[in-house]
Amino acid sequence: MPSNNSDQNDTQRMLQDSARAFVSRSGGVDGARERRSLPAAFDRETWQTMAENGWFGLLLPEEQGGLGLGFAEAAVVIEELGRVVAPEPFVSAIVLAGAVLRDGDNPDLCNEKIENLISGSVIPALAWQEAANVYDPAAITTRAVPADGGFLISGTKKFIPAAAGADAFIVSAMGPDGLALYWVAADAKGLGLSSDRAVDETDIGTLTLDGVSVAKDQVLVAKDTAAIMARAIDEARVCAAAELVGVMKEAFDITLAYVKQREQFGRPVGKFQALQHRLVDLWIQQELSRDVLGQAVQCFDSSDDVANRASEASAAKARCSEAGLLIGRQSIQLHGGIGYTDAYHIGMYLKRALVLSAWLGNADMHRKRFADVAPEVAA
Amino acid sequence: MSETRDMNALGDDEFRAEIREWVEANYPEELRFFPRRILMDECRDWYHKLSEKGWLCPVWPKEYGGMGLDPGKFIIYTEEFERHGVARMPDQGIVMVGPLLIKYGTEKQKEHFLANIHAGNHIWCQGYSEPNAGSDLASLRTSAVLEGDEYVVNGQKIWTSLAHDASWIYMLVRTDKDAAKPQEGISFLLCDLKTPGITIRTIPNIRGEEEFCEVFLDNVRVPKENLVGEPNRGWTMAKALLGFERIFVGNPRMCSYALNRLRLLAESLDAFTDAAFTARYNKHRLDVHDLAASFERYAGILKSGGEIGSDVSFLKIWATETYQRITEEMVELAGDLGSYRDDLLLGNNKVDVMNQFLGSRPSTIYGGSNEIQRNILAKQVLGL
Ligand SMILES: Cc1cc2nc3c(=O)[nH]c(=O)nc-3n(C[C@H](O)[C@H](O)[C@H](O)COP(=O)(O)OP(=O)(O)OC[C@H]3O[C@@H](n4cnc5c(N)ncnc54)[C@H](O)[C@@H]3O)c2cc1C
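Residues numbered from 1 in each chain as written. Chains lettered and ligands numbered in written order. Predicted model: local features only at pLDDT ≥ 70, side-chain atom pairs only at ≥ 80, totals over all residues. Heavy atoms only, no water.

(A) Summary view of the overall build of chain B. A tally of helices and strands in chain B yields 11 helices and 10 strands. Taken over C-alpha atoms, the radius of gyration comes to 22 Å for chain B, in line with the 21 Å a tight globule of 384 residues would show. The principal-axis extent of the C-alpha atoms belonging to chain B is close to 75 × 45 × 45 Å. Relative to its full complement of 384 residues, chain B shows a buried share of 53%. Accessible area for chain B stands at about 17,200 Å²; split by element, carbon and sulfur atoms hold 50% of it. Within chain B, the 57 negative side-chain charges are centred at a point lying 3 Å from the centre of the 44 positive side-chain charges. (Helix = DSSP H or I, 4+ residues; strand = E, 2+ residues; numbered from the N terminus. Rg over C-alpha atoms; globule rule 2.2 N^0.38 Å. Buried < 20%, exposed > 50% of the residue type's maximum accessible area, 1.4 Å probe, protein only. Areas by Shrake-Rupley, 256 points an atom, 1.4 Å probe, with all protein chains shown as cover. Lys, Arg positive; Asp, Glu negative; His and termini not counted. Charge placed at Lys NZ, Arg CZ, Asp CG, Glu CD.)

This is the structure we're talking about:
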C-alpha cells in the first residue's frame with residue numbers, strides 16, 4: 001500500500017484537474033507534437049486557452065492583477081504541461097519574463113505589460129544571455145546609448161526560447177546608469193531574429209540589435225536590475241525543474257505500462273528481475289526529483305533569502321535535469337526498437353528533457369553552483 | 001519510572017529544547033559519537049538515567065511506562081539524540097519486544113517483560129536469520145515442539161547481533177512443518193539465554209569486531225507461556241511490527257557524517273584543487289541533500305498523522321547506497337593510504353577511512369537487503 005501523502009490542497013487539485021482537461025482537449029501528446037510544426041513552433045490559440053484558464057496570473061500578486069498564488073500551484077500546472085511535452089513557452093514567457101515585470105521599477109509600464117501577459121494578448125521573451133554557459137545577468141556587452149531623449153540599443157542576444165512567437169523582447173543592456181531592461185517590440189527597426197530548432201523542435205532565437213531605438217518610457221527596470229533578473233532566473237529554474245518532473249513522470253509511466261504488456265520469452269518483459277530493479281532505480285530518481293522540487297517550491301513560497309533560494313533552485317535543477325535525461329534514455333532502451341522510432345512518442349520525452357536540462361544551466365553547472373552558494377553543514 | 005506529562009501536548013520547539021537540554025546535561029561526554037555499537041556494560045548508567053526519567057521507551061504507550069510520543073515528536077526526539085551523538089544502546093527490547101508484547105502479549109507477559117526492560121535486567125537480541133534462511137526467512141527450520149508445558153527448541157540462529165551481550169532472545173521458530181505455506185507454521189518465542197542447551201559463539205566481523213553471533217539451540221526447553229500470541233501466527237506478527245520506524249533507515253545522518261569525513265580527508269590532501277574530484281564531491285553532496293528532502297517528506301506525512309506505505313523502502317536504498325558511494329570515494333581519494341586498516345592521521349586531522357568504508361558495507365544487507373527492497377518496490381509500488 002502506498003503512503004497516503006496527498007499533499008495537495010483544494011486549489012492545487014482544481015488546477016490539476018483544469019490542466020488535465022486542457023491537455024486532453026488540446027490533443028494530448030499528438031497535439032503537442034503537431035503544434036511544433038507551426039511557424040512559431042507553438043500555437044497561439046492554445047496559448048489563448050491557457051490564458052483563459054487563468055494560469056498566466058498564478059504567480060503574480062493580486063495588486064498587479066494576478067492570482068497571488070505560489071510556486072506550489074504553478075508547479076502543478078507546469079508538470080501537466082511537461083507530461084504532454086507541450087511546446088508552449090509557459091516557463092520562459094510567463095514565469096521568467098513575468099517575474100522581471102513584477103519586480104520592475106516602472107510601475108505604469110510594467111503593469112500594462114503584465115495585464116497583456118495575463119490576458120495572453122502579448123507574449124514577451126526575455127533576451128538576456130549572450131554567451132553559452134554564462135548566467136551572470138551583468139556579464140553582457142549589449143549597450144543602450146542615450147539618444148534623442150531615448151536610447152539606441154546594440155548587441156546580440158542568444159538562447160531565447162520561443163523567440164519566433166514572441167511579440168516583444170525584454171532586452172537587457174548596459175545603459176548610462178548600469179544594467180537595465182528595455183521593452184522592444186518584435187517589429188522594431190534594427191532588430192534581427194534568426195531561429196534555430198532545438199532537438200524537440202521548439203524554437204531557439206538569436207536576436208541582433210543594431211541601433212534599435214527605444215523611448216525613454218520603455219525602460220522596465222533600471223534599479224537593482226541584476227538582482228531582479230537573478231531572482232527571476234532562479235524562479236524559472238525551479239519551474240523548469242517542475243516541467244522536467246512532469247516529463248520524467250510521464251516517460252516513466254509510459255515505460256512501466258509498456259514493460260507490463262510487451263511479452264518476450266513467453267512473459268511480460270517486466271517480469272525479468274534485471275528490468276524490475278532498473279525500473280525501481282529510475283523510480284527512485286523520480287521520487288528524489290519530486291522531493292527536491294517540493295523542497296525548492298516550499299522555499300520559494302516562503303523565503304526571500306537569496307542564497308537559500310539559489311541553492312534550492314540549483315539542487316532542484318541539478319537533480320531534475322539528470323533524472324529527466326536518465327529516465328528519458330532508459331525509457332527508449334526499455335522499449336526496444338519501437339523506442340527509436342519517430343512515430344512513437346517516447347523519444348519526444350528524451351528530447352524535451354534535453355532541452356529543459358540544457359536551459360538555464362544543466363546538472364553539472366548547477367552542482368557547481370550549489371557548491372558555491374550552499375554553506376557546508378557541520379556533522 | 002514514567003514521564004507523567006503528555007509530552008505530545010508541548011509545542012515542537014518547546015519539546016525539542018527540553019529533550020536537548022536534558023540529553024546534554026545527562027549523556028556521558030566520553031560516549032558521544034561512539035565509534036562502534038556500544039555494549040550494555042558501557043552504557044548502563046545512561047540506560048538507567050533514561051529509564052528513571054521515563055524517557056527510555058519513547059513510543060510505548062504511557063500506560064506501559066513509555067512516553068507515548070506521536071511520530072512527529074518521536075522524530076524530534078531522535079533528531080536530538082543523534083545531534084548530540086548519543087550511541088545506539090542495545091535496544092531490541094525497547095524497539096521490538098516491547099511493541100510486540102504490547103500488541104500481542106498476555107497481561108502476565110507484559111507485566112513481567114516490560115518491567116524488566118525498564119529496569120535494564122533483560123537485554124534482548126533478535127533471532128530471525130538462520131544459516132539457510134536469510135532473505136528467504138520464511139524457510140527457517142529451527143523447530144519448537146510442545147512437550148507438556150514446554151517447547152523443546154532445536155536448531156541454529158546466525159548473524160544475531162550482540163547475542164553475547166544479551167540475556168534474552170526473541171525468535172521465530174517453526175511450530176508446524178506441514179503448514180500449507182511456510183509462513184503459516186512459524187511462531188514467536190521468547191527465550192532466556194541462560195537456558196541449558198544454548199551455545200553462543202561470536203563471529204568476528206570484517207572490521208574485526210565481535211558484533212554478531214551464532215546461537216546454537218540443542219533441546220532447549222522453553223516454558224510455553226513464553227510463546228507470544230497465537231501459535232503459527234509469528235510471521236504475521238513480525239510483519240505487523242514493521243511500523244513507521246522504517247523511515248529511520250533513510251535518516252540522512254550517516255551520510256552527512258561520512259560526507260564530513262570525506263571533506264576533511266579532501267582538505268587534508270588538498271584535493272579540492274582537483275576539478276574531477278570536486279565534481280564528484282559536489283555530486284555526493286547533492287545526493288545527501290536530496291535524501292534529506294525525501295526524508296523530510298516522509299517525516300511530514302507522519303507529523304500530519306498520515307501512514308507510511310511500502311514506497312518508503314526507497315529511502316533505505318538511497319541512504320545506504322549513497323553512504324557506500326561516499327565511503328568508496330574516501331578510499332579512492334586516499335590513494336596509497338587507502339589500504340590502511342587504522343584511522344589516518346593527516347596533520348591534525350584523524351580520518352576513519354577504512355572504518356567508514358567497511359562499516360558501510362552491511363547497511364545494504366541487513367534489514368532486508370537492497371535487492372529484496374527492490375523486489376518489494378517492483379512488486380508493491382510498480383505493480384510488476
Ligand atoms: C551486521 C549484520 C547484523 C545482523 N543482525 C541480525 C540480527 O540481529 N538478527 C537476525 O536475525 N539477523 C541479523 N542479520 C542477518 C540479516 O538479516 C541477513 O544477512 C539478511 O537477511 C540476508 O540474508 P543472508 O545473509 O542469508 O543472505 P542471502 O539471503 O543468502 O543473500 C545473498 C545475496 O543474494 C541476494 N538475494 C537473495 N534473495 C534474492 C532475491 N529474491 N532476488 C535478488 N537477490 C536476492 C541478497 O540480496 C544477497 O545479495 C544481520 C546481518 C548483518 C550483516
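Don't stop here, the text continues.
(B) Seen up close, the site of the ligand. The immediate surroundings of the ligand are formed by 17 residues, with Ser129, Ser135, Trp159, Ser369 and Glu371 of chain B found nearest. Residues near the ligand are shared among chains A and B, making this a multi-chain site. Within the side chain of serine 135 of chain B, one N or O atom sits 2.6 Å away from an oxygen atom of the ligand. In this structure, an oxygen atom belonging to the ligand sits 2.7 Å away from a side-chain N or O atom of glutamate 371 of chain B. Secondary-structure elements contributing two or more residues to the shell around the ligand are β3 (150–161) and α11 (370–381) of chain B. Its residues assigned to classes, the shell around the ligand shows seven nonpolar, nine polar and one charged. Per-domain counts for the shell around the ligand show at least three residues from each of domain 2 (124–233) and domain 3 (250–381) of chain B. (Near = heavy atom within 4 Å. Polar contact = N/O pair within 3.5 Å; in protein donor to acceptor, adjacent residues only side chain to side chain. Nonpolar A, V, L, I, M, F, W, Y, C, P; charged D, E, K, R; others polar. Domains from an automatic or database assignment.)

(C) Quick look at helix α1 (residues 10–25) of chain A. All names here are of chain A. The end-to-end C-alpha distance of α1 is 22 Å, a good match for the 22 Å that 16 residues give at a rise of 1.5 Å each. Turning to α1, its buried residues number three or more, namely Gln12, Leu15, Gln16, Ala19, Phe22 and Val23. Viewed end-on, α1 has its buried residues packed into an arc of 130 degrees, placing them on one side of the element. Within α1, the exposed residues directed more than 90 degrees away from the buried face are Asp10, Met14, Asp17, Ser24 and Arg25. Where α1 is buried, its residues contact α2 (28–34), α3 (44–52) and α4 (71–83). Structurally, the start of α1 carries an N-cap: the backbone nitrogen of threonine 11 is 3.2 Å from a side-chain oxygen of asparagine 9. Trailing α1 by a residue or two, glycine 27 shows a phi angle of about 90 degrees, which is positive. (Expected span 1.5 Å × (residues − 1). Arc of directions from axis to C-beta. Contact = heavy atoms within 4.5 Å.)

(D) Examining the pattern of salt bridges more closely. This model, assessed by the stated rule, comprises 56 salt bridges over all chains. The residue aspartate 290 of chain B makes a salt bridge to arginine 319 of chain A at a minimum N-O spacing of 2.6 Å. Of the two residues, aspartate 290 of chain B sits in helix α8 (residues 275–303) while arginine 319 of chain A sits in helix α9 (residues 306–335), which places them in two different chains. Of the two residues, aspartate 290 of chain B and arginine 319 of chain A, neither departs from the other in class, the shared state being buried. A salt bridge links lysine 283 of chain B to glutamate 322 of chain A; its shortest N-O distance comes to 3.1 Å. In this pair, lysine 283 of chain B sits in helix α8 while glutamate 322 of chain A sits in helix α9, so the two residues belong to two different chains. (Salt bridge = Lys/Arg side-chain N within 4 Å of Asp/Glu carboxyl O.)

(E) Spatial organisation of the nonpolar core. Counting 214 residues, the largest nonpolar core has Trp55 of chain A together with Ile247 of chain B as the members making the most contacts within it. Among the elements that line this core, the one with the most residues is helix α7 (residues 225–261) of chain A, at 18 residues. Apart from residues lying up to four places away in sequence, tryptophan 55 of chain A is in contact with Leu15, Ser18, Ala19, Phe22, Met50, Val77, Leu81 and Phe90 of chain A. Ala144, Ala166, Ala180 and Leu209 of chain A belong to the second largest nonpolar core, which has 20 residues in total. (Core = buried A, V, L, I, M, F, W, Y, C linked by side-chain atoms within 4.5 Å.)

(F) Region of the structure containing the interface of chain A and chain B. Taken together, the contact pairs 42 residues of chain A with 36 residues of chain B. Approximately 3,500 Å² of surface area, both sides summed, lies buried where chain A meets chain B, with 57% of it carried by carbon and sulfur atoms. In this assembly, chain A and chain B are joined by six salt bridges. Put simply, chain A and chain B have 14 residue pairs in polar contact (both at pLDDT 80 or more) between them. (Buried area = accessible area lost by both parts, 1.4 Å probe.)

(G) Seen up close, the packing of helix α11 (residues 363–373) of chain A against α8 of chain B. One can describe the packing of α11 of chain A onto α8 of chain B by two numbers: an axis separation of 9 Å at closest approach and a directional angle of 80 degrees. Considering their axes alone, α11 of chain A and α8 of chain B lie roughly perpendicular with respect to each other. Here Arg367, Lys368, Phe370 and Ala371 of chain A of α11 of chain A come into contact with α8 of chain B, specifically with Asn282, Lys283, Arg285, Leu286 and His289 of chain B. A breakdown of the residues in the contact of α11 of chain A with α8 of chain B according to their chemical character gives three nonpolar, two polar and four charged. (Axes fitted to C-alpha atoms, helices over the stretch in contact; angles between N-to-C directions. Parallel < 35°, antiparallel > 145°, perpendicular 65-115°, else oblique.)

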